[in-house]
Structures are given as structure tokens and as C-alpha cells.
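# Descriptive analysis of the structure
Take a look at the letters that make up each chain.
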Amino acid sequence: MLSVYADLALGLALAFLLLSLLVSGLNEAIVRVLSIRSKFLWAYLRDTLDGAGPAGRSWLPARVRDVFAALPFARDPRPRHSDQPAPPEPVPLPDQETRTDDAMVTRLYQRVQEIDHPKRGRTSISDIPPERFAVALMELAAAERDGVEGLLEKLKAIRSPLYGHLQGVWETAQRDLDRFRKGVESWFDGEMQRLSLLYKRYVKWVLAVLGLAVTLLFTMDGLEYGKTLLRDNAFRASVAALVEADAYGGLKERCEGSDPVGCITDTLSSPALVKVLDHALVSVTVPETGDPSVTWNGAAWWDRVTTLSHWPGYLLTYVALLFGAPFWWDVLRRITGIRSRR
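Residues numbered from 1 in each chain as written. Predicted model: local features only at pLDDT ≥ 70, side-chain atom pairs only at ≥ 80, totals over all residues. Heavy atoms only, no water.

## Side note on the overall build of the protein
Worth spelling out the cut-off: Strands here are runs of E lasting at least two residues and helices are runs of H or I lasting at least four, both read from the DSSP assignment and numbered beginning at the N terminus. The rule is simple: take the accessible area with a 1.4 Å probe, protein chains only, and divide by the maximum for that residue type; under 20% is buried, over 50% is exposed, in between is partly exposed. Surface accessibility in these figures is a Shrake-Rupley result with a 1.4 Å probe; residues are shielded only by whichever protein chains are displayed.
Within the protein, the secondary structure is distributed over 17 helices and 4 strands. Evaluated residue by residue, the protein yields a buried proportion of 44% over its 342 residues. Counting every atom, the protein has about 18400 Å² of accessible surface; 58% of that belongs to carbon and sulfur.

## Points about the confidence of the model for the protein
The following threshold applies: You can read pLDDT as the predictor saying how much it trusts each residue, on a scale of 0 to 100. Two residues form a contact once any of their heavy atoms are found within 4.5 Å.
Of the residues in the protein, 82% have a pLDDT of 70 or more, and the chain-wide mean is 81. Per-element averaging of pLDDT across the protein places helix 12 (residues 245–255) at the bottom with 47 and helix 16 (residues 311–322) at the top with 94. Taken together, the stretch residues 245–251 has pLDDT below 50 and engages in 14 contacts with residues farther than four places along the chain or on a different chain.

## Some words on the side chain of S35
One can find S35 in the loop between helix 1 (2–34) and helix 2 (36–49). For S35, the contacting residues outside a window of four places in its chain are R78, K119 and R120.

## What to know about the environment of D176
Rule in force here: Two N or O atoms form a polar contact when they lie within 3.5 Å of each other; inside protein one atom must be a possible hydrogen donor and the other a possible acceptor, and for residues adjacent in sequence the pair counts only when both atoms belong to side chains.
For D176, the position within the fold is in the loop between helix 8 (162–172) and helix 9 (177–217). The class for D176 is partly exposed, based on a relative accessible area of 33%. At 2.9 Å, the side chain of D176 and the backbone nitrogen of R179 are in polar contact.

## Some words on the nonpolar core
Using the following cut-off: Here, nonpolar core means buried Ala, Val, Leu, Ile, Met, Phe, Trp, Tyr and Cys residues that are tied together by side-chain atoms lying within 4.5 Å of each other.
Of all hydrophobic cores here, the largest spans 75 residues; its most connected members are F40, W42, L45, M104, I128, F133 and L155. When sequence neighbours within four positions are dropped, the list of residues in contact with L45 reads D50, V105, L108, I128, F133 and F188.

## With respect to helix 2
Just so we agree on the cut-off: A helix is expected to reach a length of 1.5 Å times the quantity of its residues less one.
The end-to-end C-alpha distance of helix 2, which contains 14 residues, comes to 20 Å, matching closely the 20 Å that a straight helix rising 1.5 Å per residue would cover. Of all 14 residues in helix 2, 13 are buried, a share of seventy percent or more. Immediately downstream of helix 2, the backbone of G51 shows phi near 90°, a positive value.

## Some details on the packing of helix 8 against helix 9
When two helices pack together, their arrangement is given by the angle between their axes and by how far apart the axes lie. Heads up, the condition is: Lines fitted to C-alpha atoms define the axes here, with helix axes fitted over just the stretch in contact, and angles between the N-to-C directions of these axes take values from 0 to 180 degrees. To sort the angles, those under 35 degrees are grouped as roughly parallel, those over 145 as roughly antiparallel, those from 65 to 115 as roughly perpendicular, and the leftovers as oblique. In a left-handed crossing the near helix is turned counterclockwise from the far helix by less than a right angle, and in a right-handed crossing that turn is clockwise. In the scheme used here, Gly and all other residues not listed as nonpolar or charged are polar, with Ala, Val, Leu, Ile, Met, Phe, Trp, Tyr, Cys and Pro taken as nonpolar and Asp, Glu, Lys and Arg as charged.
Packing of helix 8 against helix 9 leaves a shortest axis separation of 8 Å and a crossing angle of 135°. On the basis of their axis angle, the class for helix 8 and helix 9 is oblique. Crossing geometry of helix 8 relative to helix 9 is assigned as right-handed. Contacts from L162, H165, L166, V169, W170 and T172 of helix 8 reach helix 9 at L177, R179, F180, G183, V184 and W187. Tallied by class, residues from the contact of helix 8 with helix 9 come to 8 nonpolar, 3 polar and 1 charged.

## Brief notes about unusual backbone geometry
Of note, S35 is a non-glycine position whose phi angle comes to about 55°, a positive value. Phi is positive for T219, which is not a glycine, with a value near 40°. Looking at the secondary structure, you find T219 in the loop between helix 9 and helix 10 (222–231). Taking the relative accessible area as the measure of exposure, T219 reaches 1% and is therefore buried.

## Points about the environment of A141
Looking at the secondary structure, you find A141 in helix 6 (residues 130–142). Residue classification places A141 among the buried positions, given a relative accessible area of 3%. Counting along the chain gives 11 residues from A141 to L152, while the straight-line C-alpha distance between them is 8.5 Å. If near-sequence neighbours (up to four positions away) are discounted, A141 is found in contact with G147, V148 and L151.

## Quick look at the packing of aromatic side chains
The following threshold applies: Geometry of aromatic contacts follows a simple scheme: Phe, Tyr and Trp rings, the Trp one being its six-membered ring, pair when their centres are within 6.5 Å, and the pair is stacked under 30 degrees between planes, edge-to-face over 60, tilted otherwise. Here, over-ring charges are defined by two tests on the NZ atom of lysine or the CZ atom of arginine: distance to the ring centre within 6 Å, and angle to the ring normal within 35 degrees.
Inspection of the entire model under this criterion finds 13 aromatic pairs. Taking the centre distance of 3.9 Å and the plane angle of 5° together, the rings of F133 and F188 count as stacked. Note that F133 is positioned in helix 6 and F188 in helix 9, a separation of 55 residues in sequence. Like F133, the residue F188 is buried in the burial classification. Between W170 and F180, the ring centres sit 5.2 Å apart and the planes meet at 90°, which makes this aromatic pair edge-to-face. A residue pair is termed long-range when its members are at least 10 positions apart, and W170 in helix 8 and F180 in helix 9 qualify at 10 residues. Note on W170: relative accessible area 5%, which makes it buried. A relative accessible area of 2% means that F180 is categorised as buried. What links up through ring pairs into an aromatic cluster is the set F16, F323, F327 and W328. Seen from the ring of W59, R46 lies directly overhead, with NZ or CZ sitting 4.9 Å from the centre.

## What about the pattern of salt bridges?
What counts here: By salt bridge we mean one thing: a side-chain nitrogen of Lys or Arg within 4 Å of a carboxyl oxygen of Asp or Glu.
Applying the stated criterion across every chain, the model contains 15 salt bridges. Between E171 and R175 there is a salt bridge, and its shortest N-O distance comes to 3.1 Å. Taking relative accessible area as the criterion, R175 reaches 45% and is therefore assigned partly exposed. Residues R194 and E191 are paired through a salt bridge, measuring 3.2 Å at the closest nitrogen-oxygen approach. Of the two residues, R194 and E191 are both situated in helix 9; the distance of 3 residues between them amounts to about one turn of the helix. Connected via shared salt-bridge partners are D178, R181, K182 and E185.

In C-alpha cells form, the structure reads like this:
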């Protein structure tokens, strides 16, 4: 009896892991195609360096829907990519009368463009190390006649929000350049951590939507799947075979010291687990011999979606997917004894 329930736990963990990986993969694909990370970073930099955009609107999205709607399509905050080397000497900041809306962002990009490569004509930089940001600011300060104090005066004159932050760091450093540089590093590192938390908070809502879409697309009834594992001895045995005898040795050998995502994708895409996808809107059959076949299951899929008795199982699957792939990978690792990466 204990073996039966162990096999049940294993089968559910594998199914939820595969679906969670699918959710994570869809999210990553959307983020990469729309360049969300890069746009998120430069939206923050525009707000911090040059202030609000046209009509006094913040560049950084204030709502979840703006992250994947307004930010990717309405206004691109990223500077245009330049294939030219960075200017040998930084250009001094303009006066209030001659400043532009991207005066500071343009000059910052010139100091970090060595780590850039183009993406549809825009910068693809999605991460600036705090040390590199601090050095870039020191280079901009060196271009001013009075150094850091001259830079602060210019920032105040052009009404850059960065002035207040740097003024506080400069006073705390007691006007010592080395301490000022380290202070800028610490401040920017803290800002990036705060920005990452904000980004993750937005992404959680997107993952929740994708989890619901995947659950309904594959009409994955967790309760029904669990009952199948308990009642169908042959099916349960085929799932359990992944972690027994030679199959377990192969699984352990492949997964120890390797990337869990690649391991699960390559090793666990077995016929025993393809059954999870049988009720999808479109199903793919991979026979032992012959070519794979694609089947449209529109009528059967709609019948399952509109059957209320399946919805408790859908809810179970949806809640399980909210825990994410790392959680289910850890559960699988504990069940099988696979060690984590060192």
C-alpha cells in the first residue's frame, strides 16, 4: 500500500513539474520576444536619471497590464543601439536651457555600450553591474569642470531625480571620491534589488494567468489523473519504472550535476507521462515506429472544459502550478533521492 501511494506521489510530482516547466518556458519566451527585462531596466533608468516622460507620465509601469501591454508596445524606453565605439571622452551635461528628455540616459548608454548588442535597433542591455554604473558616473563627473560637485550642480539645474540620491551619497562620503564611488555602487545595487522584487511581483501575476491557460488548454484534471494512477496498475507501473532499477540509475546519472530543466525535458518525456497531454486541444502521438501524428480534439476538449465535475481537478492542477517548477523539482528530488547541484 505504501508503494502505491509513493508511486502516486511520484506521478503527480512529475506531471506538475512538466506543466510548470511549460508555464515557465512560455513566460520566458514572452519576456525574450518582447524584451521585457531590458525595457523594465531602462524605464527605471529614465525615471531616475531624466525624470518623467512626456505629459509627466512615469516610464516605469504602475500596473501589471502595463508591463506586458504599454511597456512593450506603446513606448520603448530603451536607447537606440549604436555600433560606434564609445566616445573617448564623456560629453559634459547640458545646461537647463539646452537639455533634452534623455540627456542623462544617452550619456549613461555611451559609457556602457561596450556590453551591448542590437535587438531591432534598440539596446539589449538588461543588466548593468553596480560597479560599472558607478564607474560610468565617475566618468561623467570627470567631464565636468568641478568634478562631482559640478555634476551635481548640472543634475540640479536640469531637474534630474538623480540629484537627490547622489547628493545624499556625496555628503555621506564626506566628499571623498573613493567612498563616493563605493556609495554609488551600494545605492545602485540596492535599487536593482528593489527593481527585481517589483519585476518578480508583476511576473507572478503573468505566471498565474499562464498557469490557468495551460491547465485549461491541456484540461489537466489532477484528481482524474491521480485516480488513473491508483486504478491503472499498468500505467502506474510505467510511471514508477522511471525511478526503479536501471531506469532510476539512468535518471540519477543524467540529473546529478546537470541542469534540472534539461534533465527533465530529455529524460522524463516518456510515453508514460505523455498521457498527461492526451486531453489537450491539440494532441501529439509519438509511436515507437513511424512518424508522429497531430490530432485536433476541439469537440472533446470543449466537452471536458464545460463539464463541471472536472473543475475541482482543474483547480487542484492550477494551485499546483502556482508553486512553480523549482518546488516540484525539489519534491521530485526528495522522492527519488537525486542530489541537488553543487
